[in-house]
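Structure assessment
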Amino acid sequence: MQYSKIFSAALFLTSSALALPAFANSTPPQPGEVVIQVVAKQFDFTPGSETPITLKKGQPVVLAVTTQDRKHGFFSEELGIDEVITPGQVNYIHLNPTQVGTFTFHCSVFCGSGHDGMQGTIIIQ
Amino acid sequence: MTKNDVDRRKFLKLVGLGGGVVFASGLGIYPRIAKAAANSAGLLRTQADSDFYFVQLSDTHLGFNNPLVNPNSDKTLQLAVDAVNGLDDQPDFIMFTGDLTDITDDDQERRKRLAAFQAIVKNLKCPMVKFMPGEHDASLDNGAAYKEFFGDTFYTFDYKGIHFVVVDNVSDPTGSIGTAQLAWLKTTLSKFGTNDPIVVFTHRPLFPLNPNWDWWTKDGQQAIDLLMPYTNVSVFYGHIHQNLTVATGHIQHYSARSTMFALPVSGSVPTKKQIPWDPAHPYAGLGYREVTAMPDDASYTNQEFPLQS
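Source: prediction; values computed, not measured.

Concerning the overall build of chain A
Summing up its helical and strand segments, chain A has 1 helix and 10 strands in all. Ordered by position from the N terminus, the helices and strands of chain A form the series α-β-β-β-β-β-β-β-β-β-β. By residue count, 38% of the 125 residues in chain A fall in the buried class. Within chain A, residue pairs in contact and separated by at least 24 positions form 72% of the contacts whose partners lie at least 6 positions apart.

Structural notes on the overall build of chain B
Helix and strand counts for chain B stand at 8 helices and 12 strands. Across the 309 residues that make up chain B, the buried fraction comes to 47%. Residue pairs at least 24 apart in sequence account for 70% of intrachain contacts in chain B once pairs closer than 6 positions are excluded.

Examining the packing of helix α3 (residues 76–85) of chain B against helix α4 (residues 107–121) of chain B
Residues and elements named next belong to chain B. Two numbers describe how α3 lies on α4: the axes approach to 10 Å, and their chain directions differ by 25°. Taken together, the axes of α3 and α4 are roughly parallel relative to one another. Where α3 crosses over α4, the handedness of that crossing is right-handed. Counting all contacts with α3, which are made through Leu77, Gln78 and Val81, the residues of α4 involved are Phe117, Ile120 and Val121. Grouping the amino acids of the contact of α3 with α4 by side-chain chemistry returns 5 nonpolar, 1 polar and no charged.

Observations regarding the pairing of strand β10 (residues 119–124) of chain A
Successive side chains on a regular strand alternate, one facing one side of the sheet and the next facing the other. Residue and element names in this part refer to chain A. Only one face of β10 is covered, namely the one carrying Gly120, Ile122 and Ile124; the face carrying Gln119, Thr121 and Ile123 has none of its residues buried. Across 3 bridges, the pairing between strand β4 (residues 53–55) and β10 is parallel. Each bridged residue has a counterpart across the sheet, and for Thr54 the counterpart in β10 is Ile123. The sheet contact formed by strand β9 (residues 101–106) and β10 spans 6 bridges and is antiparallel. Residue pairing across strands places Phe105 opposite Gly120, the latter belonging to β10.

Description of the interface of chain B and chain A
Contact residues are listed per partner, giving 18 residues for chain B and 17 residues for chain A. Along the lines of polarity and charge, the residues of the side of chain B that touches chain A split into 7 nonpolar, 7 polar and 4 charged.

Let's talk about the confidence of the model for chain B
With 84% of its residues at a pLDDT of 70 or more, chain B shows a mean pLDDT of 86. Predicted confidence for residues 1–45 of chain B stays below pLDDT 50, and this span has 62 contacts to residues more than four positions away or in other chains.

Topic: the sheet that holds strand β10 (residues 251–255) of chain B
All names here are of chain B. Here 6 strands make up an open sheet; going across it, the order is β5-β6-β7-β8-β10-β9 and the pairing mixed. Both outer strands of the open sheet, β5 (155–159) and β9 (244–248), are each paired with one neighbouring strand and no more. Neighbour to neighbour, the strand axes of the sheet diverge by 20° on average, direction disregarded. Bridge analysis of β5 against strand β6 (residues 162–167) gives 5 bridges, and the strand direction is antiparallel. When the sheet's bridge partners are listed, Phe157 is paired in β6 with Phe164.

Observations regarding the environment of Ala262 of chain B
Residues and elements named next belong to chain B. Within the secondary structure, Ala262 is located in the loop between β10 and β11 (287–294). Counting along the chain gives 44 residues from Ala262 to Lys218, while the straight-line C-alpha distance between them is 24 Å. Not counting residues within four places of it along the chain, the set of residues in contact with Ala262 comprises His241, Gln242, Ile275, Gly285 and Leu286.

A short note on the nonpolar core
Among the nonpolar cores identified, the biggest contains 65 residues, and Val167, Val200, Phe201 and Val235 of chain B are the most heavily contacted of them. Residue contributions to this core peak at 5 residues, all from β6 of chain B. For Val167 of chain B, the residues in contact, after removing those within four places along its chain, are Phe154, Ile177, Leu185, Val200, Thr202 and Ala223 of chain B. Core analysis: the next-biggest nonpolar cluster, separate from the first, contains 21 residues, Val65, Phe75, Leu79 and Phe105 of chain A among them.

Thoughts on the environment of Gly178 of chain B
Residue and element names in this part refer to chain B. Of note, Gly178 is situated in the loop between β6 and α7 (179–190). For Gly178, a count of 16 C-beta atoms within 10 Å puts it in the partly exposed group. Each C-alpha atom, one on Gly178 and one on Gln222, is 9.8 Å from the other, the two residues being 44 residues apart in sequence.

Structural notes on the confidence of the model for chain A
Of the residues in chain A, 80% reach a pLDDT of 70 or more, and the chain-wide mean stands at 85. For the stretch residues 1–21 of chain A, pLDDT sits under 50, and the model shows 31 contacts to residues farther than four places along the chain or on other chains.

Regarding α7 of chain B
All names here are of chain B. With 12 residues, α7 should reach 16 Å at 1.5 Å per residue; the first-to-last C-alpha distance of 17 Å fits that figure. Within α7 the residues assigned to the buried category are Gln181, Leu185 and Leu189. Buried residues of α7, seen end-on, are gathered within an arc of 75° and therefore sit on one face of the element. Turned more than 90 degrees from where α7 packs its buried face, Thr179, Ala180, Ala183, Thr187 and Ser190 sit exposed. On its buried face, α7 is in contact with β6 and α8 (220–227).

With respect to α4 of chain B
Since one α-helical turn is 3.6 residues long, residues separated by three or four positions face the same way. Residues and elements named next belong to chain B. With 15 residues, α4 extends 21 Å between its outermost C-alpha atoms, agreeing within 8% with the 21 Å of an ideal straight helix rising 1.5 Å per residue. Among the residues of α4, Arg110, Arg113, Leu114, Phe117 and Val121 are the ones counted as buried. Buried positions in α4, seen along its axis, are confined to an arc of 100° and lie on one side of it. Residues Gln108 and Ala119 are exposed on α4 and point more than 90 degrees away from its buried face. Those residues of α4 hidden inside the fold are in contact with α3, β4 (129–132) and α6 (144–150).

Cut-off values and rules
- Residues numbered from 1 in each chain as written.
- Chains lettered and ligands numbered in written order.
- Predicted model: local features only at pLDDT ≥ 70, side-chain atom pairs only at ≥ 80, totals over all residues.
- Helix = DSSP H or I, 4+ residues; strand = E, 2+ residues; numbered from the N terminus.
- Buried ≥ 20, exposed ≤ 12 C-beta atoms within 10 Å, placed from the backbone.
- Contact = placed C-beta atoms within 7 Å.
- Axes fitted to C-alpha atoms, helices over the stretch in contact; angles between N-to-C directions.
- Parallel < 35°, antiparallel > 145°, perpendicular 65-115°, else oblique.
- Left-handed = near helix turned anticlockwise from the far one by under 90°.
- Nonpolar A, V, L, I, M, F, W, Y, C, P; charged D, E, K, R; others polar.
- Pairing = 2+ DSSP bridges.
- pLDDT = per-residue confidence, 0-100.
- Core = buried A, V, L, I, M, F, W, Y, C linked by C-beta atoms within 7 Å.
- Expected span 1.5 Å × (residues − 1).
- Arc of directions from axis to C-beta.

Shown next, in the form of structure tokens:
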């Protein structure tokens, strides 16, 4: 069984169901996109960890993610997001959510003693 | 029904009478612990001169401190060392598959823990002990401290006809092997015959067991693709703190228990959390593994041993 092929396929299908894939690159916010600033640090996301990131179904969004300390990750299997948040730059994650729900994301770059608990919530209404 | 079919069924019955859990790979295999029983039943194959066994110890997490999870965390590594030293037959070598020490954000404390770990394992009787890092040892500083104590984070060695390849998927904190190391792996493998027995040691699973729990290697499939042309490959890894056997094609992947704390089965709970200590069953889920290697058959058997006080 090729686990990675199954995972990749699942990721693609999930992303497709949510009218994603999400993608991150240096492309700045585009007209019509709502910008949400997200700050990552050891060991939480703001917003995200204490207060969920709330999105509106059908409203294109870009998460402008920065880090206060070291490299972190922003990973959500359900939302098709797997990005490295690099210090010294703004990392843009573009989303176009079409399905309501509550989704968990977590830090995917090992960042220290609190890494395992570094996660957040995205709510699509 | 062939003679081999009959012999194999008798063998499996004998194994079930023994202690511990045995995972068998290949054909014509006889675990060390069932050797006497198999011999008395007339099933024992002539032991080859090349047969040997090694011990896999994993996720020792020296420095871990949470009494609710392990109230004896300062003694556990010594307990494991004593257990292996107490074996009637010493292994040919011992392999530690990472997370030798528990995570610390302090560079100096990391070095203290690596030094303390080294001081304890120096008491192992076995003359050959091999190491590799886990993310707790190496991810915050790209392996810098680990290398000061134990040297290369990825390497290869041959022993009694088996090629052992140690792959580092932790020094990069994204949980990747990386382009340079993959190129090294490709070059290394190119020197092996396609039917040569190959054992890969790594810390994280090479396949995507559970990416939400960081139980994968981002470019692990590339490593698996490099290994696929070779017909006799087994992978031994750690990271997930439990025994699990998974196949990717013909390659078997065996994960090891930790000697410090256990983790839940993948996806069985919403969040990955260390399993609390049970005073009624101390050290439950913790242990180490003996691997009997039979290079002539390119086969291995795993015998799991619980950690006990």
